[in-house]
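What follows is each chain in one-letter form.
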Amino acid sequence: MSAASSVRRLTAVAAVAAAAVGAVTLPATAADHHYPGPAHAAVYISQVRYDSPGRDDRSNWSLNQEWVDVTNSTRRAVNLNGWTLRDADGHTYTFRYLRLDGRSTVRVHTGVGRDTRTDVFQDRRAYVWNNDYDTATLRNDRGRFIDDVSWGRHHRGHRH
């Protein structure tokens, strides 16, 4: 057997082994919906500020320093109308009339303000996100899970 044919045979064996390993590991990765991150999800929670700086005095400035960033990692715009952002206690914000452009982020503030393409406001007079622990969950307009981020003592392996 020549050296060239040995190299071809080893290459073929390696390719078959790699394909077999890939076929076995693919379903576990595809089923893992808790760690979508930007590489696996078109829209995801990219950042959360759950503890606004300074004193928690419920001023509108302080409330608006508590926010969640939702990012679209694709080139295409996504219609967020009817999507929801919810905390562990059930406080829910529903997106209205928002088209999130491709490769862009919208910041969802807790307090009162005027909605723009980059900032929307829940118009609340109290804090939503617990400083010690909580989970922010994003669902689409059909109620399907899109992403979540957890922090604090009840954090159970969710991306953060």
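Here's what I pulled together on the structure shown here. Just so it is clear, the structure is predicted and the values come from calculations on it, not from any experiment.

1. A closer look at the pattern of salt bridges
Then step 1. Under the criterion given, the structure shown has three salt bridges.
Then step 2. Close ionic contact of aspartate 101 with arginine 99 constitutes a salt bridge, the shortest N to O distance being 3.9 Å.

2. Quick notes on the pairing of strand E7 (residues 104-109)
Then step 1. The sheet contact formed by strand E2 (residues 67-72) and E7 spans six bridges and is antiparallel. Residue pairing across strands places threonine 71 opposite threonine 105, the latter belonging to E7.
Then step 2. Note: E7 against strand E8 (residues 119-121), three bridges, orientation parallel. Paired with valine 108 across the bridge in E8 is valine 120.

3. Comments concerning the side chain of threonine 71
Then step 1. The topology assignment puts threonine 71 in strand E2.
Then step 2. A polar contact is formed between the side chain of threonine 71 and the side chain of threonine 105, at a distance of 2.7 Å.
Then step 3. In this structure, threonine 71 is in contact with Ala42, Val43, Tyr44, Ser46, Leu100, Ser104 and Thr105, ignoring residues within four places of it in sequence.

Here is what the cut-offs are and how they apply
Along each chain, the written sequence defines residue order, and numbers are assigned to residues from 1. Side-chain atom pairs in this predicted model are given and counted only at pLDDT of 80 or more, local residue features only at pLDDT of at least 70, and totals for whole chains, interfaces and linings cover all residues. Calculation of side-chain values draws on the structure's entire complement of heavy atoms; hydrogens and water are dropped beforehand. What makes a salt bridge here is a side-chain nitrogen of Lys or Arg within 4 Å of a carboxyl oxygen of Asp or Glu, nothing more. Two strands pair under a simple rule: DSSP has to find at least two bridges between them. Each helix is a run of DSSP H or I of at least 4 residues and each strand a run of E of at least 2, with the numbering of both proceeding from the N terminus. Any pair of nitrogen or oxygen atoms within 3.5 Å is treated as a polar contact; in protein, a donor-acceptor pairing is required on top of that, and neighbouring residues in sequence qualify only through side-chain atoms on both sides. Note on definitions: a residue-residue contact is assigned when non-hydrogen atoms from the two residues lie within 4.5 Å.

As far as function goes, none of this settles anything; it's purely spatial.
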